[in-house]
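Coordinate inspection notes
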Amino acid sequence: MWTTVPFALDFKVYVFNVTNPEEIAQGQKPKLQEVGPFFYDEWKVKLDLVDNEADDTVEYSLMNTWNWNPKKSNGLTGEEELVVPHLMILGMVQATLREKASAIGVIGKAVNSIFHNPSSIFIKAKAKDILFDGLPIDCTVTDFAGAAVCNVLKTEAKDLVPDGENRYKFSLFGGQNHSVRPDRMKVLRGTKNYKDVGRVLEFAGKPALDIWPEDHCNEFNGTDSTIFPALFGPDDDIVSFGYEICRSLSAHYSHHSKVKGVNTLHYTADLGDMSTNPREKCFCPTPETCLTKNLYDMTKCLGVPIIGSLPHFYQSDPKYLEMVDGLRPTQEEHEIDMDFEPMTATPLLAHKRLQFNMFIQPVAKFKLMKNFPEALLPLFWVEEGILLDDEYVNKVKLVFKLIAVVNFMKWIMVFGGIGMGIAAGVLHYKNKDSDSLDITKITPKTASNDEKMDKNWPPGMNISTVQAAIPPNLG
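Right, let's walk through the structure included here. Since this is a predicted model, take the numbers as computed values, not measurements.

Linking two cysteines covalently through their sulfur atoms gives a disulfide. This model, assessed by the stated rule, comprises four disulfides. In this model, C217 is linked to C282 through a disulfide, with the two sulfur atoms separated by 1.7 Å. Highlighted residues: C217 in helix α6 (residues 215-218) and C282 in the loop between β14 (262-269) and β15 (295-297), separated in sequence by 65 residues. Judged by its relative accessible area of 1%, C282 is buried. Here C284 connects covalently by a disulfide to C290, the sulfurs 1.9 Å from one another. As the torsion about the S-S bond is roughly 100°, the C284-C290 disulfide counts as right-handed.

Here it is in structure tokens:
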């Protein structure tokens, strides 16, 4: 089950449809409409496993496959037309502003060349094209700016899908679908120490990351998030390394819970607060510019200026909610949570949620954003979740039935042993004198002539009867 998860995880995508793109171009607040879930069945498979008996490790590659599930998409088909910012254009602009703002004019010329003079940074496209099928990128251009940017995209953009000679398509997940990740994971198997099961030792051939300025932020803490050590309790945190976000996260015990009749422990997690927690300062974009609670700059991880948050800015600074309209954060729908059976470390219910955002602001030298407002603009959010099927919940329950049988047999043996001990004591008490010998003195009679003849046979042997004395040690 660890190698090939025998059931699909729930993978839901919610896209924020921008309802006032023209007003945003004039500096007004973005108005958003959440559309979703676009529901996919996610299958996880570990490939090319290499076991190492000497150090009790296993190394593997990971492949994810997403299949559209129309029955669970609440009537959505993927054909819905949504208005969203063109992530490739917005990403190029924001990355240039960070790294070399003076080159923003070149980016403007490249955008006009590659995307054929767009009139807005917002585009209207089908949901399925945004998520998996892809939007076109024309790199057949020959002008200096367009060709230069295309060369960068070809080498650094990981998720571009070829669509003819020097033509590509870009989508959120299409480039990753049913493809084996090149970065291999090495974890402990836990056969020597069960507490080490699944603990990450290496990723991409390295014993630690090398993108953060401090060692403790680069460390691989916890498991690979697909398995956890058994026999834990409320005092233990659930820690896992997320290669997708280039860091480890800890989930903390919240309260006791029950899922499908099984007693569980409820855990919650968040993205921390790099502005107040000294241990998280190394996740700040710069030492002087730290984001606030539950905001996480993933630029160094993804190579794209994406800001991670909980959906709808749940438990983030309220000022970000005020920058846009259309968000309604709630704990039930937007928290990262999970319910574990602690003896077997089985997750019966879990929701891993993350929202992807980009900053927007006025850019004087880029006409499509010249009058933009300042805001942290939500783009979409995803939920990877599971509610364990009854088939597998019953297997967890079977463990407890077997334990109950063992406990029952244990007490039968205990009380049976006590009963036999008492019975043996009673029998010993009743028969404590039965081991002594009853000795009676016997006086031999005078033998008759025939008996004398028998006693004297064979000739030469004269045997006389002597009164027996029992040695005291036989009494």
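Moving on from the model shown.
Further remarks concern the pairing of strand β18 (residues 346-360). Among the 15 residues that make up β18, 11 are buried, leaving the element largely enclosed by the rest of the structure. Where strand β17 (residues 336-341) lies against β18, five bridges are found, and the strand directions are antiparallel. Bridged to D337 within β18 is H351. Looking at chain direction, β18 and strand β19 (residues 375-387) are connected through 12 bridges and run antiparallel. In the sheet register, K352 faces β19, and the bridge partner there is E384.

Turning our eyes to something else, we now look at the packing of aromatic side chains. Scanning all chains against the criterion turns up 26 aromatic pairs. Centre to centre, the rings of W212 and Y296 are 6.1 Å apart; their planes meet at 45°, and the pair counts as tilted. Linking W212 in the loop between β11 (200-203) and α6 with Y296 in strand β15, this pair joins segments that are 84 residues apart in sequence. As far as burial versus exposure is concerned, W212 and Y296 are alike and both buried. Of the aromatic side chains, those joined through ring pairs into one cluster are F11, F38, Y40, W66, W68, F132, F173, F356 and F380. If you follow K46 out to its NZ or CZ, it ends over the ring of W2, 4.5 Å from the centre. Geometry around Y296 places R247 over its ring, the cationic atom sitting 4.9 Å from the centre.

It is worth spelling out the side chain of T346 at this point. In this structure, T346 sits in strand β18. Assessed through its relative accessible area of 18%, T346 is described here as buried. A polar atom in the side chain of T346 sits 2.7 Å from the side chain of T344. With near-sequence residues (within four places) excluded, T346 lies in contact with D339, F340, E341, L388 and V396.

Moving on to unusual backbone geometry. Note the cis peptide between G36 and P37, where omega equals 5°. For N294, which is not a glycine, the phi torsion comes out positive at approximately 65°. Note that N294 resides in the loop between β14 and β15. With relative accessibility at 0%, the residue N294 sits in the buried group.

Time to look at the pattern of salt bridges. Enumeration over the complete set of coordinates arrives at 19 salt bridges. Measuring nitrogen to oxygen at the nearest pair gives 3.6 Å for the salt bridge that ties D325 to K29. With a gap of 296 residues between them, D325 in the loop between α8 (318-322) and α9 (331-334) and K29 in the loop between α1 (21-25) and β2 (32-52) connect regions that are remote in the sequence. Classification of K29 by relative accessible area gives partly exposed; the value is 37%. The shortest N-O distance in the salt bridge between K44 and E384 comes to 3.5 Å.

Turning next to the sheet that holds strand β7 (residues 161-162). Read across the open sheet, the three strands follow the order β6-β8-β7; overall the sheet is antiparallel. Of all the strands in the sheet, the pair left with one neighbour each is β6 (135-138) and β7. Note that β7 and strand β8 (residues 167-170) share two bridges and pair antiparallel. Residue pairing for β8: V161 is matched across the bridge by K169.

This next bit is on the packing of helix α3 (residues 104-114) against helix α5 (residues 144-156). Two quantities define a packed helix pair, namely the angle between the helix axes and the distance between the axes. It is the contact of α3 with α5, at a shortest axis distance of 8 Å, that shows an interaxial angle of 90°. Comparing the axis directions of α3 and α5 gives the class roughly perpendicular. In this structure, α3 contributes V106, I107, K109, A110, S113 and I114 to the contact, and α5 contributes A145, G146, V149 and C150. For the contact of α3 with α5, the per-class residue count stands at seven nonpolar, two polar and one charged.

Further remarks concern the environment of I104. Summarising the element assignment, I104 is placed in helix α3. In this structure the C-alpha to C-alpha distance between I104 and A364, which are 260 residues apart in sequence, comes to 9.5 Å. Residue contacts for I104: discarding those within four places in its chain leaves V93, T96, L97, V363, K365 and F366.

Thresholds, definitions, all that
Residues numbered from 1 in each chain as written. Predicted model: local features only at pLDDT ≥ 70, side-chain atom pairs only at ≥ 80, totals over all residues. Heavy atoms only, no water. Disulfide = S-S within 2.5 Å. Helix = DSSP H or I, 4+ residues; strand = E, 2+ residues; numbered from the N terminus. Buried < 20%, exposed > 50% of the residue type's maximum accessible area, 1.4 Å probe, protein only. Pairing = 2+ DSSP bridges. Phe/Tyr/Trp six-rings, centres within 6.5 Å; stacked < 30°, edge-to-face > 60°. Lys NZ or Arg CZ within 6 Å of the ring centre and 35° of its normal. Polar contact = N/O pair within 3.5 Å; in protein donor to acceptor, adjacent residues only side chain to side chain. Contact = heavy atoms within 4.5 Å. Salt bridge = Lys/Arg side-chain N within 4 Å of Asp/Glu carboxyl O. Axes fitted to C-alpha atoms, helices over the stretch in contact; angles between N-to-C directions. Parallel < 35°, antiparallel > 145°, perpendicular 65-115°, else oblique. Nonpolar A, V, L, I, M, F, W, Y, C, P; charged D, E, K, R; others polar.

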